[in-house]
Amino acid sequence: MVRKEALPLAPLADAGPALDLGYLARVVGRVETGQARELIDLFTGTARHDLLLCQRQLDEGDGVALALVMHKLKSSARMVGALRFASLAEKLEDAAKGSRLDAARLICGDMKHALGDIETALDRLADSLSQAVSPAPTFADTAHAADNLSLPQRALVVDDDPLARRQLELLLTGLGIGEVLTVEDGANALMELERTVGIDLLLIDLNMPGMDGIEFLRRLADVGYRGCLLVVSGVEARLLQSAADLARSKQLHLGGTLKKPATREALLALLSVVSQPAVAARAEPDAVLPDDILDGIRHDEFEVHFQPKVDASTLRPVGVEALARWRRDGKPVRPDLFIVAAEQHGLIGPLSEMLVTKALHGGARLAEAGFPLFVAVNLSAGWLTDIHLPEFILTSLQTAGFPAKRLILEITETSVMADANTALDIMTRLRLKGFKLSIDDFGTGYSSMEQLQRFPFGELKLDRSFVQGAAEKPATRAILAASLELALKLKLSTVAEGVETEQDLDLVRGLGCDLVQGWLIAKAMPLDELIVWLRERDSQA
Ligand code: C2E
Ligand code: CA
Ligand code: CA
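Small disclaimer: the values here were computed from a predicted structure and weren't measured.

Colleague: I keep staring at the packing of helix H3 (residues 63-80) against helix H4 (residues 83-97) and nothing clicks. Help me out?
Modeller: Packed helices, taken two at a time, are described by their axes: the angle between them and the distance between them. One can describe the packing of H3 onto H4 by two numbers: an axis separation of 8 Å at closest approach and a directional angle of 160°. One way to sum up the angle between H3 and H4 is to call them roughly antiparallel. At the point where H3 passes H4, the crossing takes the left-handed sense. Contact residues: H3 offers Gly63, Leu66, Ala67, Met70, His71, Leu73, Lys74, Ala77 and Arg78, while H4 offers Phe85, Ala86, Ala89, Glu90, Leu92, Glu93, Ala96 and Lys97. A breakdown of the residues in the contact of H3 with H4 according to their chemical character gives ten nonpolar, two polar and five charged.

Colleague: Looking at this model, I keep getting lost on the packing of aromatic side chains. Mind explaining?
Modeller: Any two aromatic rings considered together are summarised by their centre-to-centre distance and by the angle between their planes. Per the stated rule, a full pass over the model turns up six aromatic pairs. Ring centres of Phe43 and Phe85 lie 5.5 Å apart, and the angle between their planes is 85°; on these two criteria the pair is classed as edge-to-face. On the criterion of sequence distance, the pair formed by Phe43 in helix H2 (residues 33-60) and Phe85 in helix H4 is long-range, its members being 42 residues apart. On the accessibility criterion, Phe43 (0% relative accessible area) is buried. Among the residues examined, Phe85 registers a relative accessible area of 0% and is labelled buried. When the centroid spacing of 5.5 Å and the interplanar angle of 90° are considered together, the rings of Trp326 and Phe338 count as edge-to-face. Of this pair, Trp326 sits in strand S7 (residues 317-328) while Phe338 sits in helix H15 (residues 335-344), and the two are twelve residues apart along the sequence. Here Trp326 matches Phe338 in class, with each residue buried. The rings of Phe302, Trp326 and Phe338 are connected pair by pair, giving a single aromatic cluster. One residue, Arg406, lies across the ring of Phe402, its end atom 5.2 Å from the ring centre. The side chain of Lys436 reaches across the aromatic face of Phe374, ending 5.5 Å from its centre.

Colleague: Looking at this structure, I do not really get helix H23 (residues 474-489). What am I missing?
Modeller: Think of an α-helix as 3.6 residues a turn; residues three or four steps apart then line up on the same face. Here H23 contains 16 residues, and its C-alpha end-to-end distance of 23 Å stays within 8% of the 22 Å for a straight helix at 1.5 Å per residue. Taken as a whole, H23 has its buried residues at Thr476, Leu480, Ser483, Leu484, Leu486 and Ala487. Down the axis of H23, the sector holding all buried residues measures 155°, keeping them to one side. Across from the buried face of H23, at angles greater than 90 degrees, the exposed residues are Pro474, Ala475, Leu488 and Lys489. Contacts from the buried residues of H23 go to strand S11 (436-442), helix H21 (449-454), strand S12 (459-462), helix H22 (464-467), strand S13 (493-496) and helix H24 (502-510). One or two steps after H23, the chain reaches Lys491, where phi turns positive at roughly 60°.

Colleague: Got a minute to help me understand the packing of H2 against helix H8 (residues 162-175) in this structure?
Modeller: The contact between H2 and H8 brings their axes to 9 Å, and the two run at 165°. As the angle between them shows, H2 and H8 are arranged roughly antiparallel. The crossing of H2 and H8 is left-handed. Here H2 contributes Gln35, Glu38, Leu39, Leu42 and Phe43 to the contact with H8, which in turn contributes Pro162, Leu163, Arg166, Gln167 and Leu170. Considering only residue class, the contact of H2 with H8 consists of six nonpolar, two polar and two charged.

Colleague: Teacher, can you tell me more about the pattern of salt bridges here?
Modeller: Note on pairing: side chains with opposite charge can pair once their charged atoms come close. Scanning the model with the defined rule gives 25 salt bridges in all. In this structure, Glu321 engages Lys461 in a salt bridge whose closest nitrogen and oxygen atoms are separated by 2.8 Å. Of the two residues, Glu321 sits in strand S7 while Lys461 sits in strand S12, which places them 140 residues apart along the sequence. Judged on exposure class, the residue Glu321 and its partner Lys461 are both buried. Between Arg365 and Asp528 there is a salt bridge; the shortest N-O distance is 3.1 Å. Of this pair, Arg365 sits in helix H16 (residues 348-368) while Asp528 is found in helix H25 (residues 527-540), placing the two residues 163 residues apart along the sequence. Owing to a relative accessible area of 41%, Arg365 belongs among the partly exposed residues under this scheme. Taken together, the shared-partner salt bridges connect Lys309, Glu321, Glu410, Glu459, Lys461 and Glu497 into one network.

Colleague: Help me out: how do you make sense of the pairing of strand S2 (residues 179-183) in this one?
Modeller: Regular strands place side chains that alternate from one sheet face to the opposite one. The pairing of strand S1 (residues 154-158) with S2 spans five bridges and is parallel. Considered in S2, the bridge of Arg154 is made with Glu179. For the segment spanning S1, H8 and S2, crossover handedness is right-handed.

Colleague: Sorry if this is basic, but what is going on with the coordination of the calcium ion (ligand 3) here?
Modeller: Each donor-metal-donor angle in an ideal tetrahedron of four donors is 109.5 degrees, and each such angle in an ideal octahedron of six donors is either 90 or 180 degrees. The calcium ion (ligand 3) binds to the protein through Asp440 (OD), Asp441 (OD), Glu497 (OE) and Glu497 (OE); the donor distances cover 2.2 to 2.6 Å. Mapping the donors of the calcium ion (ligand 3) onto the primary sequence gives the spacing D-D-x55-E. Metal-to-metal, the separation of the calcium ion (ligand 3) and the calcium ion (ligand 2) is 4.0 Å; Asp440 coordinates the two. Note that Asp441 is positioned in strand S11 and Glu497 in the loop between S13 and H24, a separation of 56 residues in sequence.

Colleague: Explain the site of ligand 1 here, please?
Modeller: Taken together, the neighbourhood of ligand 1 is formed by 21 residues, with Gln307, Ala324, Arg325, Glu500 and Trp519 sitting nearest. Take Arg325: an N or O atom from its side chain is 2.8 Å from an oxygen atom of ligand 1. The separation between an oxygen atom of ligand 1 and a polar side-chain atom of Asp440 is 3.1 Å. Elements with a contribution of two residues or more to the shell around ligand 1: S7, H15 and S11. In terms of residues, the shell around ligand 1 owes the most to one element, S7, which gives four residues.

Colleague: Where do I start with the environment of Leu486 in this structure?
Modeller: Positionally, Leu486 belongs in helix H23. Separated by 38 residues in the primary sequence, Leu486 and Ser448 have C-alpha atoms spaced 9.9 Å apart. Discounting chain neighbours no more than four positions away, the residues touching Leu486 are Phe442, Met449 and Leu452.

Here is what the cut-offs are and how they apply
- Residues numbered from 1 in each chain as written.
- Chains lettered and ligands numbered in written order.
- Predicted model: local features only at pLDDT ≥ 70, side-chain atom pairs only at ≥ 80, totals over all residues.
- Heavy atoms only, no water.
- Axes fitted to C-alpha atoms, helices over the stretch in contact; angles between N-to-C directions.
- Helix = DSSP H or I, 4+ residues; strand = E, 2+ residues; numbered from the N terminus.
- Parallel < 35°, antiparallel > 145°, perpendicular 65-115°, else oblique.
- Left-handed = near helix turned anticlockwise from the far one by under 90°.
- Contact = heavy atoms within 4.5 Å.
- Nonpolar A, V, L, I, M, F, W, Y, C, P; charged D, E, K, R; others polar.
- Phe/Tyr/Trp six-rings, centres within 6.5 Å; stacked < 30°, edge-to-face > 60°.
- Buried < 20%, exposed > 50% of the residue type's maximum accessible area, 1.4 Å probe, protein only.
- Lys NZ or Arg CZ within 6 Å of the ring centre and 35° of its normal.
- Expected span 1.5 Å × (residues − 1).
- Arc of directions from axis to C-beta.
- Salt bridge = Lys/Arg side-chain N within 4 Å of Asp/Glu carboxyl O.
- Pairing = 2+ DSSP bridges.
- Right-handed = clockwise from strand over helix to strand, strands pointing away.
- Donors = N, O, S within 2.8 Å, 3.2 Å for Na, K, Ca; no water.
- Near = heavy atom within 4 Å.
- Polar contact = N/O pair within 3.5 Å; in protein donor to acceptor, adjacent residues only side chain to side chain.

Any functional reading would require information beyond the geometric quantities listed.
So, in C-alpha cells, the structure goes:
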C-alpha cells in the first residue's frame, strides 16, 4: 500500500489567524459546510463556558484546576483551527502551572478578545466556508487509500470532550465506517459494548473524569473485548507507555496512539496497519453467522480459487493451492473469517466437503487442459478429527477423477499440535491412502524436531511472516534458514509462502527452498483464469 507521510501540523503561531479553515480541513477531512460550522459553534460554546470558569478559578487562586481547563481548551481550539486562541490557552496554562496568576489574568482577557475575533471571522467566512473546507489536494490519495482498507463496520468513540467526539465521528464517517457511536465516559462505553454487537474499533481518550483510561482498559480486558483499540490523547508518553503495557499483558489489541487533534492522515495511517487480516480477524470473529454460512452453502455461493506454487529456480508451475472464496451480498468475506466461524458453529464439515469437491474437480479440469498439477487443499483443525474424513476424500477423488498421489493436504502446525495424538492417528490413515501431507504456516507454532518426526509430513510450508522482508531482518532470516535446515534433515520438500518481491525470491532461493508461492508469481484466481495464465507461461517458456 502506498502510504503518504502524515504532514505534521503547524506549530502554534503566536499571532496566528483567528480561524484557519485549512487547518480545520486537515483535522476533520471532508466535511460539509454545516458540519464545519457545527464544530466551530461547539467550540465557541465550550470556550465561552471555560473562560467564565477561568475567571472563577483565578478569583479562587486555583492554578492547578485552571491549568487543566486550559490544557483541554488548547487542544479543542487547535482542532477547529482557532490557532491564536490555542496559543493563548497554552500561555495561560503555563502561567497557571507556574502560579503566575496576574499574568494569567491578563491572558484571560486577551482570550476573550480572541474568542470575539473567532466569532466575527466565522460570520464573515460563513459564505466561503464551503470552499475552504472542501478536500485539500492532499486528500485525494488518502481517500483512495481508504477504499482499499477493510474498515470495521462499527466504531465507538469514548471522550469526555464533545468537540473531540464530534470531530472523530466526522472523521470516521468520512473514511467510510458504517456506524460511529460516541459516549462520554468509560461506564457508558462498557454499557454500549454490552448493548451493541460488532463494535470492532474503539477510540479512547485516556484522560477522562470518573473512570480513567487505564481503569477503563482493565475493565475492557475483564469483559474480553477483542476489537481494536486506538488511544486518542494528548497525555504524556509515560502514561501512554503504561497503557500499552497493560493492554499487552491483558491480551487487548492496542492498535496505536494518535495525538490530539487526530488528523485524517494519521488516522488513516494507523487504520491501514491495524486493518491487516490478522488483526481484523481477531476483531470480528462473530461477524459471520451460522445461518449466513448455511445460506451460502445452499445457494452455492462458495467458490475455490487457485494460487500457483512454482519451482523456486525455474519458476515452472508445479502445483496449486485451492483457496476458498465467498461473496456475500456481493461483498467478499475474508476466508480466515468464515472458516473460523464455520469451525465455531460446527459447520466446517459441510463447508469443507463442498470446497474439497470443487477443488478436486478443478484439479481434474486442469489435467484435461494439459496441466496435471498437484492440488493442495487446506484441512481445518475442526475437520481433522472427523473419522469419516479419509473415506470422504477417497470417494471425492473417485467422483472427480483426480489421482490421490497428486493431492496435498495442508494442515497447520498449530492445529496438529493442539491434539497431537488424534491428529497423528488421522494423518497416518490419510498418508496410507496415498495423499501427501503438508505442514502449513510453519514457524507460527512451537513444534520441536522430535514432534515433527512423528508425523508423516512430506512438505513444509514456511509461514509468510518469516519470508516477507526477511532479507533485511537478520533474526527472521535466521529462523528461515533454521527451518529450511530442519526440513532438509527430515527430508521434507519446502515451500516459501507470501513471496511478494524479487528480494524475497532471491533470499529463499539462496537458502535452498524448493518451491515458492506468492503475489510475485500470481494471486489466487478462478480456474479459467488460471488456465489462461498457465498457457501464457507455457508459450513464453
Ligand atoms: P493459508 O493456508 O496460509 O493460505 C495462504 C494465504 O496467503 C491465502 O490467503 C493467500 O491468498 C495469501 N497469500 C498468498 N500469497 C501471498 C502474498 O504474496 N502476500 C500476502 N500478503 N498474502 C499471500 P487467503 O486466501 O485469504 O486465506 C487465508 C487463510 O484461510 C488460509 O491461509 C487458510 O488458513 C484459510 N483457508 C482458505 N481457504 C480455505 C479452505 O478452503 N479451507 C480451509 N480449511 N481453510 C482455508
Ligand atoms: Ca494453506
Ligand atoms: Ca499458510
